[in-house]
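Listed here are the chains, written in short residue letters.
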Amino acid sequence: MQKLGDGIELGSGQAQLCHGILMKNALLDAGRSVLRAKGKVVFPTKKLTAKQLSGIRKTCPGARAVRRKFELRNEKPHSLREALQDKLPAKELAILPSSYDSLGDAVILELPDGLAGRAKVIADALLEISKPTKSVFIKTGAHSGLFRAEPVEFVAGEKKKFATYKEHGCAFRISLGKVFFSPRLSTERKRIASQIKEGEVVAALFAGVGPFPIVFAKNSKMAKAIAIELNPVAVEDMAFNIRENKAEGKVIPVLGDVNELSSRYEGLCDRAVMPLPKGGEDFLESAIRYINPKGGIVHYYQFVARENPFEIPRRQIAAACMKMGRDFKVLLERKVREYSPDIIQVVVDFEVWGK
Ligand SMILES: C[S@@+](CC[C@H](N)C(=O)[O-])C[C@H]1O[C@@H](n2cnc3c(N)ncnc32)[C@H](O)[C@@H]1O
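Residues numbered from 1 in each chain as written. Predicted model: local features only at pLDDT ≥ 70, side-chain atom pairs only at ≥ 80, totals over all residues. Heavy atoms only, no water.

The name that an unreviewed UniProt entry assigns to the chain is Class I SAM-dependent methyltransferase family protein, with the source organism given as Candidatus Iainarchaeum sp.

Spelled out as structure tokens, the structure:
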């Protein structure tokens, strides 16, 4: 079906630029289809004021206002921004986050202060555009406290206590708002799994709901992982996840403190993984204690400044090895991900032996 309406016509060379301006200012009419013919493009728009038109023409001089018959679109909007074109003013659309974390069928939205009162309309739009999404939550604070849990509030869809997230052939139950979980370390889990040799014993420190050790169990020939975690709710999720992923006997969940348990597992492990980027330095000596005197590998994560990112972790590793009377060799230094404008997350793999 067609409908007569306003539009902006211009040469296809400037189409992308013009589309960006129309989207940014919430002027595009997402209910009608774009027209294309003979090197020209016509975007369906809302009724434009003279000021809006002259603003567009400043960047796209060939643009002119027209009235045309457009095909009506009955397909769903493709992006969150498109779905909200008619529901939020331009200044709010401009600060809409361009990405969000999906934990399987649950989405955790992080909204800037300027959109705090808009959570429901945004969550409803997300449910409309994303078929796999069944529940939407908003982040109500940063990862905090000893357990690094992320406080969340339910906004729309199915209200539930757990999210189910799938990765590298494993599925994880995650108690929403009560435990730490980040899908952003998925590449690291696979990278380390691919290095684990047959028969290795791994210390999966700060194990959370078990993503590192369970991915190892499914994707390597390790003998077992001792998975140590302080948060009882995370340990409950981990025990559930071990059963669901058929990793019983391969992943041993242990509720407790990495420092306190280091004497129990002293020298028993071939590898230690330390995904505690904030504060991990306080556990470095203990992590080394888990490693067999014949030699083993530690994967050490840290948040660091962008400038000279490896300087501090290198110094921390050298100091801890010296204190423990161990030799070491750095095997790899890698930037893992962006964290904030000034901070990045890195990993340093080092081999340690002796004593
Ligand atoms: C950044 S999270 C990583 C969780 C998990 N490895 C993941 O990647 O999803 C750090 C975890 O360490 C746990 N934790 C903090 N201090 C601890 C300690 N002293 N001993 C054992 N676990 C600790 C927290 O409860 C949290 O689950």
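Brief notes about the packing of aromatic side chains
Throughout the structure, instances matching the rule amount to nine aromatic pairs. Ring geometry for Phe212 against Phe216: centres 6.1 Å apart, planes inclined by 75°, an arrangement best described as edge-to-face. Here the residue Phe212 and the residue Phe216 both occupy positions in helix H7 (residues 211–219), the gap between them amounting to four residues, near one helical turn. Note on accessibility: Phe212 and Phe216 belong to one class, buried. Aromatic ring contacts, followed pair by pair, group Tyr165, Phe172 and Phe181 into a single cluster. (Phe/Tyr/Trp six-rings, centres within 6.5 Å; stacked < 30°, edge-to-face > 60°. Helix = DSSP H or I, 4+ residues; strand = E, 2+ residues; numbered from the N terminus. Buried < 20%, exposed > 50% of the residue type's maximum accessible area, 1.4 Å probe, protein only.)

Side note on empty space enclosed by the protein
Taken as a whole and assessed by the stated rule, the structure comprises one cavity of 30 Å³ or more. There is about 70 Å³ of room inside the largest cavity. If you trace the largest cavity, you find it lined by Leu103, Ile108, His143, Glu150, Val152, Ile174, Ser175, Leu176, Gly177, Val179, Phe180 and Phe181. Across the lining of the largest cavity, the residue classes tally to eight nonpolar, three polar and one charged. (1 Å grid on protein atoms, 1.4 Å probe; cavity = no way out; pocket = protein on both sides within 12 Å on 5 of 7 lines; lining within 4 Å. Points joined across faces, edges and corners; volume = space filled by probe spheres on them. Nonpolar A, V, L, I, M, F, W, Y, C, P; charged D, E, K, R; others polar.)

Section: the sheet that holds strand S13 (residues 251–255)
Here we have seven strands laid out as an open sheet, ordered S13-S12-S11-S14-S15-S17-S16, and mixed in their pairing. In this open sheet, the two strands that pair with only one neighbour each are S13 and strand S16 (327–338). Neighbouring strand axes in the sheet, compared pairwise and without regard to direction, differ in orientation by 20° on average. Direction of pairing for strand S14 (residues 271–274) relative to strand S15 (residues 296–305): parallel, over a ladder of four bridges. Counterpart to Met274 in the pairing with S15 is Tyr300. Of the strands in this sheet, strand S11 (201–205), strand S12 (224–229), S13, S14 and S15 are in contact with H7, which crosses S13 at around 165°. (Pairing = 2+ DSSP bridges. Axes fitted to C-alpha atoms, helices over the stretch in contact; angles between N-to-C directions. Contact = heavy atoms within 4.5 Å.)

Some points on the packing of helix H6 (residues 186–195) against H7
Close contact between H6 and H7 brings their axes to 9 Å; oriented N to C, the two are set at 45°. Here H7 runs oblique to H6, going by the angle between their axes. Pair H6 / H7 crosses with right-handed handedness. From H6, Arg189, Lys190, Ile192 and Ala193 reach across to H7, where they touch Pro211, Phe212, Val215, Phe216 and Asn219. (Parallel < 35°, antiparallel > 145°, perpendicular 65-115°, else oblique. Left-handed = near helix turned anticlockwise from the far one by under 90°.)

A short note on the UniProt feature "domain: SAM-dependent methyltransferase TRM5/TYW2-type" (unreviewed entry) in the chain
Summarizing the sequence annotation, UniProt attributes the feature "domain: SAM-dependent methyltransferase TRM5/TYW2-type" (unreviewed entry) to residues 100–354 in the numbering used throughout. Annotated as 27% helix and 33% strand, the span residues 100–354 places its first and last C-alpha atoms 45 Å apart. (UniProt positions renumbered as here; feature names shortened; annotations may be inferred.)

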